[in-house]
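Here are the chains, one letter per residue:
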Amino acid sequence: MTDEFLYGAATSAHQVEGNNVHNDWWNWEQNRPLEFRSGRAADHWRLYKQDLSLAKNLGHNAHRFSIEWSRIQPERNQWDQHALRHYRAVLLELRRLEIKSFVTLHHFTNPQWFAERGGWLRHDAPQLFADYTRVVVDYFGDLVDFWLTINEPMVYATQSYWHKRWPPQKRSGIKTWLVIRRLAAAHRQTYRLIHRCRPGAKVGLAQHLIAFMPSLARQSGSRTVIALQDFWFNHYFYHLTRGTHDFIGANYYFAKSNMTQPEPVSDLGWPIRPEGLTHVLKQIKKYKLPIYVTENGLADAADSRRADFIRSHLRSIETAQKQGADVRGYLHWSLIDNFEWDLGFAPRFGLVAIDYKTMARTPRRSAYVYKGIIEQSQTTL
Ligand code: BGC
């Protein structure tokens, strides 16, 4: 791996900050049992300095986090200076620690005012999102190294408008498709806006990639169906946004294959398939852009599989690099334990464990293994 390689971890605002009272998730959670409400989350809004210094001590030279739109714009005509100052302070802290920043502008949550007025189904949703982005870019755009406009647009659209799992819990093919089109328009508009304000900016998005392994097609006999699924879930959004990416952000968690023997799985039952990461990286090298793995991780409360998981996925990256994929960074999901959306706090994705009673932070053993890998890669150059 080259000396430019970035190693770090990722978080998102609603999952860690706590008290994001002005967004649609918060509103939705209030009708759910207590353990499924985000509440104080990991109290990261208050403890961010401690968390970033942990990242530094764990050897990270990159960090991904998201800006909470509803904090910046709690009401349609209200811009919160305190929130803007806060995120500027976070970015200054990252600069001080010499950690590169990946800033996500939308990670699943929407301001409640936006959701109430139709959310991503509104024809002017891309413009409203661009208005927010403009304020963000003016206020702290000078400190951002990498921009990610939207996190996992296909996941957001399908979970919220098809699977009925996330707010607003709809099931409509037309709505799902419309939301995807609006998100794509928002990405394109935001990409251009950021570049107009900051010509040298690096802008992309984080796409969830599922590896549809070749064995799958052989087994089920339905190559076309699998190819269509692959195109729809993994590539359709790139198709809608082509020409507006400076790099590719790839989130990878699992593969679909025809494995019949029991295979290792995470606490959530997701199969652990590092070779799937090589597979998707080789697929996206066709976009001829630098690639950053912007999320990859597993729920593993006992921390018995995380270290091996990190090792094997980093090896898969090396394999893909040798076959021409220009991978330049790896961000583990997640830096700290956090609120796992509709599944609440039970899944433990953190390199660092959170005691939700005391908010104490304790790095897990795997965090030190990862640190060792980072240090070794830096000395063997
Ligand atoms: C999302 C994260 C989530 C992670 C684990 C990703 O799809 O971007 O917000 O916590 O998966 O489920």
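One structure accompanies this document, and this report is about it. (Residues numbered from 1 in each chain as written. Predicted model: local features only at pLDDT ≥ 70, side-chain atom pairs only at ≥ 80, totals over all residues. Heavy atoms only, no water.)

Concerning the packing of helix H12 (residues 274-284) against helix H13 (residues 306-322)
Okay, so step 1: At their nearest, the axes of H12 and H13 sit 8 Å apart, and the two run at 30° to each other. Classified by the angle their axes make, H12 and H13 are roughly parallel. Crossing geometry of H12 relative to H13 is assigned as right-handed. For the pair H12 and H13, contact is made by Pro-274, Glu-275, Leu-277, Thr-278 and Leu-281 and by Ser-312, His-313, Ser-316, Ile-317, Thr-319 and Ala-320, respectively. (Axes fitted to C-alpha atoms, helices over the stretch in contact; angles between N-to-C directions. Helix = DSSP H or I, 4+ residues; strand = E, 2+ residues; numbered from the N terminus. Parallel < 35°, antiparallel > 145°, perpendicular 65-115°, else oblique. Left-handed = near helix turned anticlockwise from the far one by under 90°. Contact = heavy atoms within 4.5 Å.)

Remarks on the side chain of His-63
Okay, so step 1: Tracing the sequence through the fold places His-63 in strand S2 (residues 62-66).
Okay, so step 2: Given a relative accessible area of 1%, His-63 falls into the buried group. (Buried < 20%, exposed > 50% of the residue type's maximum accessible area, 1.4 Å probe, protein only.)

Some words on the site of the ligand
Okay, so step 1: Residues in contact with the ligand amount to 13 residues; listed here are only the nearest, Gln-15, His-107, Glu-152, Glu-295 and Glu-340.
Okay, so step 2: Within the side chain of Tyr-253, one N or O atom sits 3.4 Å away from an oxygen atom of the ligand.
Okay, so step 3: The protein chains hide 94% of the 310 Å² of surface that the ligand would expose on its own. (Near = heavy atom within 4 Å. Polar contact = N/O pair within 3.5 Å; in protein donor to acceptor, adjacent residues only side chain to side chain. Areas by Shrake-Rupley, 256 points an atom, 1.4 Å probe, with all protein chains shown as cover.)

A word on the pattern of salt bridges
Okay, so step 1: The final tally for this structure, using the stated rule, is 20 salt bridges.
Okay, so step 2: With a closest N to O distance of 3.9 Å, Asp-138 and Arg-134 form a salt bridge. Residue Asp-138 and its partner Arg-134 are both found in helix H7 (residues 125-140); the two are separated by four residues, about one turn of the helix.
Okay, so step 3: Assessed through its relative accessible area of 54%, Asp-138 is described here as exposed.
Okay, so step 4: Classification of Arg-134 as partly exposed rests on a relative accessible area of 39%.
Okay, so step 5: One salt bridge in this structure joins Glu-275 and Arg-273, with 2.6 Å as the shortest N-O distance. (Salt bridge = Lys/Arg side-chain N within 4 Å of Asp/Glu carboxyl O.)

Focus on the environment of Asn-151
Okay, so step 1: Here Asn-151 is to be found in strand S4 (residues 146-151).
Okay, so step 2: Under the relative-accessibility criterion, Asn-151 is labelled buried at 1%.
Okay, so step 3: Distance from Asn-151 to His-106, taken between C-alpha atoms, is 6.1 Å for residues 45 residues apart in sequence.
Okay, so step 4: Discounting residues that sit within four places of it in the chain, Asn-151 has contacts with Arg-64, Thr-104, His-106, His-107, Phe-108, Ala-206, Asn-251 and Glu-295.
Okay, so step 5: Polar contacts involving the side chain of Asn-151 include one to the side chain of His-107, which spans 3.1 Å.

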